[in-house]
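Fold and contact review
These are the residues of each chain, in order.
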Amino acid sequence: MATGIRDKVAILGMGCSKFGERWDVGAEDLIIEAYSEAIKDAGIETKDIDAAWFATAFEQVNVGKSGLPLSETLRLNNIAVTRVENYCASGSEAFRGAVYAVASGAVDIALALGVEKLKDTGYGGLPPNGMGPLQFETNANASAPGGFAQIASGYQAKHKLSREDLKRATAHISVKSHANALKSPNAHLRKAISQEQVINAPIIAEPIGLFECCGVSDGAACAIVTTPEIARSLGKSNLVTVKALQLALSNGLEASHNSWDGSYFHTTRIAAARAYKEAAITRPQEQIGMTEVHDCFSITELVTMEDLYLSEEGSAIGDVLDGKYDADGAIPCQIDGGLKCFGHPIGASGLRMLYEMYLQIQGRAETRQLSSPKLGLTHNLGGNPSRNVACICIIGPERL
Amino acid sequence: MDVGISSYDGYIPKLRLSRAAIADANSWLNPALRAQSEGTRAMASWDEDSLTMAVEAGRRVIQGPGADIIEGFYLASTTLPYEDRLNAGIAAGAISLKAEIQAFDIGGSQRAGTSALLNALAATQAGMQKSALVVASEKRRAPAGSPQEMQYGDAAAACVVSAEDVVARFIGSHTSNVDFVDHFRGRGADFDYYWEDRWIRDEGWKKIVPKTIEEALSRNGIQADKVSRFIMPCPFRGLAEKTAKRMGFVRAIVQESLNAHIGDAGVAQPLLMLNLALEQAEPGDILMLVSFGQGCDVLFFEATDALVRTRPAIGVQAELDAGSEETNYMKYLVFNDLVAYHKGMRAEFDRKASLSAVYRQGALLSDLTGGICTKCETPQLPSARLCVSCGSIDSQQPYRFSHRQGTILSWSADYLTHSIDPPNHYGMIEFEGGGRLMMDITDIDPGEAKNDLRVGMVYRVKDIDAQRGYRRYFWKARPLTHSTEGSV
């Protein structure tokens, strides 16, 4: 009988590069920037790492396929390096590989690193996702914002909202994340904005406007994990351990079956329920202290609050406008600025979220440090509302 | 054996380009264009071509009789997308015609529409087929600022030829072939090359047409004064009326030209006007159809009593009325690839078609065939080995979606993705009876999309691979435009 991942693996060290339009550096520099911080934080040497997982999503504009770019860049010791790609959950997927390897007892210390160099394309926004030949024939001519605009449309219809109702809440979300990012030196977008700026911004994909879209950024983030016992033997105390790690993928139901009404993320709900069970959380609204969720577009954050059971269904707008998820609210969300402002280098994002939670739990988040952070939850959603990969990770102090 | 037309209809694109808008843009270059600046011309959207319009017209005429009775398919056009790939074969798949049929592309002159009809009538009369589908469709490009740009229009017309249930009995015909080159379009040329219109009128229309009509009347034993409808598509204003009068068609209603609103839809024009005449005719009427182009075809039909009860699914008149005026001439240039414009880098992405993968999925791509689970009766699109609802393996029967209507569950209007007609609309479409698909939505204006909007399926160009000369077609959702729009 499986017992879950809770407290079996500790984070030994983490690192995160500056995110942004890093015109002057390549993916290799970003990898080294994140890794240098993590290896120093872990207090080990490269030769101590037994296996690695490497996340990149858009190989065609990044470092190409395979685990070789990581192995070569860090001159790893001919260890196993596995490249993973699972849309925007790629970074979390790398973390999962490393955590499971340690938990299995197959290795002592494992590395998870995600990097994305997106700003070598020559245009704004993401490159097109790779498709199979049949998808060329049948898929709608869609972009990422247009895909996520579908959830706005579905949520608005389900709850009988006006466009203005929705816009007010998503604008609040964007304003909040911009304000938070002012305290994140490594964030991509560090500029306060107003509610009016969000509402009046040019439309990218109706109803999503420019300031409701996250930054398309270059960046890398990294985690080194081991067992709590090894961490303690290396002199670490006040360990941060993994409480839950759950991945849920669409199986075609949302895209092909009429039972899904288009107003929520089916996979996020499933992953959340599983993660809370794994972490023995029964009252998420009280027990989750902070979140970094997949705010690729502000509407995604809004709907996700309900799918994580932090807001009741249909009440996320009220909660958002009441400041429940603001930096000084009950459950701060995107305390580092989120995808929206810290940035979204796809392969790195899941690890960047964990990095902020890790710093907060350790009390190392400097000017954005929350007063009493408890469990931290990270959430990725790759794909689009009707066909996606949802990943939820919960970390916290070894002893709560 | 008596044969004739048993079903008829037409398709005219939604947009009608204002000729004044064309003149406003181009009369500095050619002041003579001002004289033609009245009315509108039908303007296909960027995702329509002669093939997609043919599919739409063809689908309409088989609504009544059904696709299974069709044993021959004649597709007439001078603007079909493929030179060596059976365009009628692509259209036949989208119309859901049986595979065991004769299918032909017929072109070569502006008479191709009536040539196709004559061939279908002859083959049916000879007992080679019980019923045949005839479709004429045209989308001609013309240089910016040319008189043809003003005169042409995009449209398609279709009819079913049969030995049974005819609404218009075929009486007979006569044809003359004359290599009178009023215009030509050489292999690979983008545009037609025209000679002086006065010569075309005086030496062509005024000589070849009357001579052929005279011979046609005589050979078929018909007196001019017995003809009820004189149908002659002609770009010269008033010439049809003058010809009818001069030749003694004293009782005949001269069928009104569609030039004022639609323009000249080339090979589709004779059939489009014939179909409109049938909508207006009464049992017993004798209809004469004249078609000009390197010679002349003249055909005679007699409306039967069945005309009263067999009405078109939508009809040419309803299509004439359903248009929406477009005053943005630049949009016309962009839609027709007549101007070098900034497309952005997202237009550069290569989407090479895998012909083997396309062939494997032929049923899905041609007429939107998905599956229905025989265990739990859940319709699903695309069909999959495992049922999306009950998980049964290999439990699905083919289930066609192309004739089903649906509603919009969610949607967006996307300015980021590359589109020739931004913003690109798409959304999750819920089919009546079950099943759904995230699809492009076409012929929709910004502000028009909303949850629960009713849509029908249309076969359209998905994208054009200019590097390889390949056109990808697929189904899109389109807001319902006619109250009579039904299932095909």
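As a further point, take the overall build of chain B. Secondary structure summary: chain B contains 14 helices and 23 strands in total. Seen through its C-alpha atoms, chain B measures out along the principal axes to roughly 70 × 60 × 40 Å. In chain B, which comprises 488 residues, the share counted as buried stands at 51%. Taking the contacts inside chain B whose residues are at least 6 apart along the sequence as the reference set, 73% of them involve residues at least 24 apart.

Within chain A, the regular secondary structure consists of 15 helices and 11 strands. Computed over the C-alpha atoms, the radius of gyration of chain A is 20 Å, within 12% of the 21 Å expected from 2.2 N^0.38 for a compact globule of 400 residues. In terms of principal-axis extent, the alpha carbons of chain A reach across some 55 × 45 × 45 Å. Put simply, chain A has 400 residues, and 60% of those count as buried. Within chain A, contacts between residues at least 6 apart in sequence are counted, and of these 78% link residues at least 24 apart.

Bringing the pairing of strand β5 (residues 102-106) of chain B into the picture now. Residue and element names in this part refer to chain B. Note: strand β4 (residues 72-76) against β5, five bridges, orientation parallel. Within the sheet, the bridge partner assigned to Phe 73 lies in β5 and is Ala 103. What joins β4 to β5 is helix α3 (residues 87-95), and the crossover it makes is right-handed.

Once that is clear, we can look at the pairing of strand β9 (residues 288-292) of chain A. Residues and elements named next belong to chain A. Counting buried residues along β9, four of its five residues qualify, which places the element largely inside the surrounding structure. Bridge count for β9 against strand β10 (residues 375-384) is four bridges, and the pairing is parallel. Residue Thr 291 lies in a different strand from β10, and its bridge partner there is Leu 377.

Here we come to the environment of Gly145(B). For Gly145(B), the location among the structural elements is in the loop between β6 (131-138) and α5 (147-151). Not counting residues within four places of it along the chain, the set of residues in contact with Gly145(B) comprises Asn26(B), Leu29(B) and Asn30(B).

Glancing now at the sheet that holds strand β15 (residues 324-326) of chain B. Residues and elements named next belong to chain B. Spatial strand order, β3-β2-β15: three strands in an open sheet with mixed pairing. At either end of the open sheet lies a strand with only one pairing partner, and these are β3 (40-43) and β15. Strand after strand, the sheet turns through a mean of 40° between neighbouring axes, direction not considered. One ladder, built from four bridges, connects strand β2 (residues 15-18) with β3; its direction is antiparallel. Along β3, the bridge assignment pairs Leu 17 with Arg 41. Of the strands in this sheet, β2 and β3 touch helix α1 (residues 19-26), which is tilted by about 40° from β2.

Our focus in this paragraph is the interface of chain A and chain B. Taken together, the contacts link 32 residues of chain A with 39 residues of chain B. If you list the elements that add at least two residues to the side of chain A that touches chain B, you get α4 (133-138), α5 (144-158), β5 (203-205) and α9 (253-256) of chain A. In terms of residue count, the dominant contributor to the side of chain A that touches chain B is α5(A) (seven residues). The class makeup of the residues in the side of chain A that touches chain B is 15 nonpolar, 15 polar and two charged.

Geometrically, the link from Leu381(B) to Pro382(B) is a cis peptide bond, its omega value of -5° lying close to zero. Here Pro382(B) shows up in the loop between β17 (379-380) and β18 (396-400). A cis geometry characterises the amide bond from Pro422(B) onward to Pro423(B), with omega recorded as -5°. In this model, Ser66(A) sits at a positive phi of 75°, which is unusual for a non-glycine residue. Tracing the sequence through the fold places Ser66(A) in the loop between β2 (51-55) and α2 (68-73). Positioned with a positive phi, Asp165(B) is a non-glycine residue whose angle comes to about 55°. Tracing the chain through its elements places Asp165(B) in the loop between β7 (155-162) and β8 (168-177).

The subject of this paragraph is the domain arrangement of chain B. All names here are of chain B. Each assigned domain of chain B is listed here: domain 1 (4-335) and domain 2 (345-479). With 16 residues of domain 1 in contact, the opposing surface of domain 2 contributes 15 residues. Mapped onto the side of domain 1 that touches domain 2, the elements with two or more residues apiece are α2 (50-61), α3 and α12 (329-335).

The next subject is the nonpolar core. By size, the foremost hydrophobic cluster in this structure holds 261 residues, and its most contacted members are Ala98(A), Ala110(A), Leu113(A), Cys222(A) and Ala223(A). Looking at this core, the element that brings in the most residues is helix α15 (residues 346-362) of chain A, giving 10 residues. Inspection of this core shows a minimum of three residues originating in each of domain 1 (4-335) and domain 2 (345-479) of chain B. Excluding anything up to four places from it in sequence, Leu113(A) contacts Ile31(A), Ala34(A), Tyr35(A), Ala52(A), Phe54(A), Leu70(A), Ala94(A), Ala220(A) and Cys222(A). Within the second largest apolar cluster, five residues are counted, among which are Ile372(B), Cys373(B), Cys387(B) and Tyr399(B).

This part is about the packing of helix α6 (residues 163-181) of chain A against helix α12 (residues 298-307) of chain A. Residue and element names in this part refer to chain A. At their nearest, the axes of α6 and α12 sit 8 Å apart, and the two run at 105° to each other. Here α6 is positioned roughly perpendicular relative to α12, judged by the angle of their axes. Across the interface between the two elements, Ala 169, Thr 170, Ile 173 and Ser 174 of α6 pack against Ser 298, Ile 299, Glu 301 and Leu 302 of α12. A breakdown of the residues in the contact of α6 with α12 according to their chemical character gives four nonpolar, three polar and one charged.

All names here are of chain A. Packing of α5 against α12 leaves a shortest axis separation of 9 Å and a crossing angle of 50°. With respect to α12, the axis of α5 lies oblique. Along this stretch, α5 crosses α12, giving a crossing that reads as left-handed. Between α5 and α12, the contacting residues are Phe 148, Ile 151, Ala 152 and Tyr 155 on the first element and Ile 299, Thr 300 and Val 303 on the second. Tallied by class, the residues present in the contact of α5 with α12 amount to six nonpolar, one polar and no charged.

Thresholds applied
Residues numbered from 1 in each chain as written. Chains lettered and ligands numbered in written order. Predicted model: local features only at pLDDT ≥ 70, side-chain atom pairs only at ≥ 80, totals over all residues. Helix = DSSP H or I, 4+ residues; strand = E, 2+ residues; numbered from the N terminus. Buried ≥ 20, exposed ≤ 12 C-beta atoms within 10 Å, placed from the backbone. Contact = placed C-beta atoms within 7 Å. Rg over C-alpha atoms; globule rule 2.2 N^0.38 Å. Pairing = 2+ DSSP bridges. Right-handed = clockwise from strand over helix to strand, strands pointing away. Axes fitted to C-alpha atoms, helices over the stretch in contact; angles between N-to-C directions. Nonpolar A, V, L, I, M, F, W, Y, C, P; charged D, E, K, R; others polar. Domains from an automatic or database assignment. Core = buried A, V, L, I, M, F, W, Y, C linked by C-beta atoms within 7 Å. Parallel < 35°, antiparallel > 145°, perpendicular 65-115°, else oblique. Left-handed = near helix turned anticlockwise from the far one by under 90°.

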